[in-house]
Amino acid sequence: MPQDTSSYDDVLKTVYEGGIRELIPTKVKTLELFREKDAREWGGREIRYPIRIGRNQGVGFGSEGGQLPAAGKQQYTTVSIPMRYQYGRIRLTGQVLKASQGARNAFASAMEQEMDGLIRDLTADMGRAILYDGRGILALVNTDPGTTSTVTVDAPGGVAGATNGSRFINPDMLVAFIAPGTGALVSGGTAGVERVSTVPAAGTSFTTTTAVTGTIADNDFVVRAMTTATASAVDTSYQKESMGLLGLIDDGTYVATLHGVNRTSYPLFQSAVIASVGAVSADVLQRGIDLADQRGDGEIDTLIMHHSIRRSYLASMEGDRRYMGGDLSRPDAGTVAAKRGTLSFGGIRVMEEKYAPYGVVFGLDGGSAVRYTLAAGEWMDEDGAILSRVGSGNTAEDSFEGVYRVWQNFHLEKPNTCFRLDGVTATVAVAHID
């Protein structure tokens, strides 16, 4: 009988090829738009500055010998920008720190992988937050789940729509349920916090490791919880995220008072919003651009939308495009989008964004965008060490923890220079975002 690989298996080696392959998406395009600008330092209690919000109406054309206009005055109010605090935390045992040192023992150092990975994870979470309204809503509960371990959800990011409600919810995530009427943690205790077990590919639900509390109701907000010991909404991300485009480029639909300015009292702090758009078209995009120009002298430089709307935008030009390749025997029906190139509308950049709300187009005047930072990204080390020993005395462990923090917030100095389209119809290819 000849020697074969089956009988020689105990001698054959498993060959491991070096390097860890990164499968998790890491691009955060909208965040980079703000990062490209020089950050403004934030300090004290809050940042405040005055804005002129109304003209002197004591003007008019009169007659010879007639009355002069009644005296008027310029109108002002104050913008106040709070800081927002984002954290990430790692813990490693002394054993894994030692066992993973050196190329002979591991593909990569556990400490480096956890530290570098955490920074990327916080960046991804901020990449989602910068597209939404600061409330931290991941989804809405869709029908009362009773006391099962399956929660049906819709309205991803808090934006109405039944498609892919669980797009921002991931396995092992701690979630809490917030009552929209009161802003309180459902059931007022730890029963309102669950750990996500699985997220089915259909995108309409997620399961939890234990059955949820029976007090969770339809349309409750699903948000991140800090720990399983969370006892109130204070220890969740609800109303604590950095302000994103859905609140910045808004007419009060999502954020009625933006950074201290009531948009009803001061309409100039509203952005132009066109609702129930339907199919995207050159006309509706131009209407948004024209409104931004008329309302605030806006100069739109970027149109931000989900991939599904970009496809609809491409489809709207189908009849006007001529397909050609290197020669007529090899025509090419694609566009630069096929290789992730940049599209444009009248010279304005069209930027696709995987985190963008479905059915929404943002028209951004980048000259108005501001990022305020108190800690642009750093490991907490006030006690003299980035990794600190866990516990002390009788509770000491051979483990070490580190905390990374980003303290920043986003702002538009002139929201009326931007516009938003809502209710844009497009076919969404459901894709879960890890």
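Now for a look at the structure at hand. (Residues numbered from 1 in each chain as written. Predicted model: local features only at pLDDT ≥ 70, side-chain atom pairs only at ≥ 80, totals over all residues. Heavy atoms only, no water.)

Quick word on the overall build of the protein chain
- The number of helices and strands found in the protein chain is six helices and 21 strands.
- Burial status across the protein chain gives 44% buried among its 434 residues.
- On the protein chain, roughly 23200 Å² of surface is accessible, and the fraction owed to carbon and sulfur atoms is 50%. (Helix = DSSP H or I, 4+ residues; strand = E, 2+ residues; numbered from the N terminus. Buried < 20%, exposed > 50% of the residue type's maximum accessible area, 1.4 Å probe, protein only. Areas by Shrake-Rupley, 256 points an atom, 1.4 Å probe, with all protein chains shown as cover.)

Some thoughts on the side chain of Asn416
- Mapped onto the elements of the fold, Asn416 is located in the loop between β20 (399-412) and β21 (419-421).
- Within the structure, Asn416 has its side chain in polar contact with the backbone oxygen of Leu268 (distance 3.5 Å).
- Reaching out from Asn416, the side chain makes a polar contact with the backbone oxygen of Arg295 at a distance of 3.0 Å. (Polar contact = N/O pair within 3.5 Å; in protein donor to acceptor, adjacent residues only side chain to side chain.)

Regarding the sheet that holds strand β8 (residues 193-198)
- If you walk around this closed barrel you meet the six strands as β5-β6-β9-β8-β7-β10, and the pairing is antiparallel. On average, each strand axis in the sheet is inclined to that of its neighbour by 50°, with strand direction left out of account.
- Direction of pairing for strand β6 (residues 150-154) relative to strand β9 (residues 205-208): antiparallel, over a ladder of three bridges. Along β9, the bridge assignment pairs Thr152 with Ser205. (Pairing = 2+ DSSP bridges. Axes fitted to C-alpha atoms, helices over the stretch in contact; angles between N-to-C directions.)

Section: the packing of aromatic side chains
- The final tally for this structure, using the stated rule, is seven aromatic pairs.
- Centre to centre, the rings of Tyr132 and Phe168 are 5.6 Å apart; their planes meet at 75°, and the pair counts as edge-to-face. With Tyr132 in the loop between α3 (110-129) and β5 (139-141) and Phe168 in the loop between β6 and β7 (174-178), this pair connects stretches of sequence that are 36 residues apart. Neither residue differs from the other here; Tyr132 and Phe168 are each classed as buried.
- Measuring from ring centre to ring centre gives 6.3 Å for Tyr313 and Phe345, while their planes differ by 70°; the resulting arrangement is edge-to-face. Of the two residues, Tyr313 is situated in helix α6 (residues 307-316) and Phe345 in strand β15 (residues 343-345); the sequence distance between them amounts to 32 residues. When sorted by exposure, Tyr313 lands in the same class as Phe345, which is buried.
- Within the aromatic cluster, the residues linked to one another by ring pairs are Tyr85, Tyr87 and Trp407.
- Of note, Arg135 hangs over the ring of Phe221, and the distance from its end group to the ring centre comes to 5.6 Å.
- Between Arg167 and the ring centre of Tyr358, over which it is positioned, the NZ or CZ distance is 4.1 Å. (Phe/Tyr/Trp six-rings, centres within 6.5 Å; stacked < 30°, edge-to-face > 60°. Lys NZ or Arg CZ within 6 Å of the ring centre and 35° of its normal.)

Remarks on the nonpolar core
- The biggest cluster of nonpolar side chains holds 61 residues, and the ones touching the most others in it are Leu131, Ile169, Phe177 and Phe206.
- Not counting chain neighbours up to four residues away, the residues in contact with Phe206 comprise Ser149, Thr150, Val151, Val153, Ile169, Val175, Phe177, Val196, Thr198, Val199, Pro200 and Val222.
- Ala292, Leu303, Tyr313 and Leu343 belong to the second largest nonpolar core, which has 22 residues in total. (Core = buried A, V, L, I, M, F, W, Y, C linked by side-chain atoms within 4.5 Å. Contact = heavy atoms within 4.5 Å.)

Considerations on helix α5 (residues 282-296)
- Taking 1.5 Å per residue, 15 residues should reach 21 Å; α5 reaches 21 Å between its end C-alpha atoms and fits that length.
- For α5, the complete set of buried residues consists of Val284, Leu285, Gly288, Ile289, Ala292 and Gly296. Axial view of α5: buried residues confined to an arc of 145°, hence all on one face.
- A positive phi of about 55° marks Asp297, the residue just after α5. (Expected span 1.5 Å × (residues − 1). Arc of directions from axis to C-beta.)

As for the pattern of salt bridges
- Counted by the stated rule, this structure contains 18 salt bridges.
- The salt bridge involving Asp125 is made with Arg224; its shortest N-O contact spans 3.7 Å. One end of the pair, Asp125, is in helix α3; the other, Arg224, is in strand β10 (residues 221-224), with 99 residues separating them in the sequence.
- A cluster of three or more residues bridged by salt bridges with shared partners is formed by Arg89, Arg91, Glu397 and Glu401. (Salt bridge = Lys/Arg side-chain N within 4 Å of Asp/Glu carboxyl O.)

Description of α3
- Taking 1.5 Å of rise per residue, 20 residues should cover 28 Å, and α3 covers 28 Å from first to last C-alpha, within 8% of that figure.
- Those residues of α3 not exposed but buried are Ala110, Met115, Gly117, Leu118, Leu122, Thr123, Ala124, Met126, Gly127, Arg128 and Ala129.
- If you follow the buried residues of α3, they end up packed against α1 (29-35), β4 (85-93), α2 (94-99), β18 (369-379) and β20.

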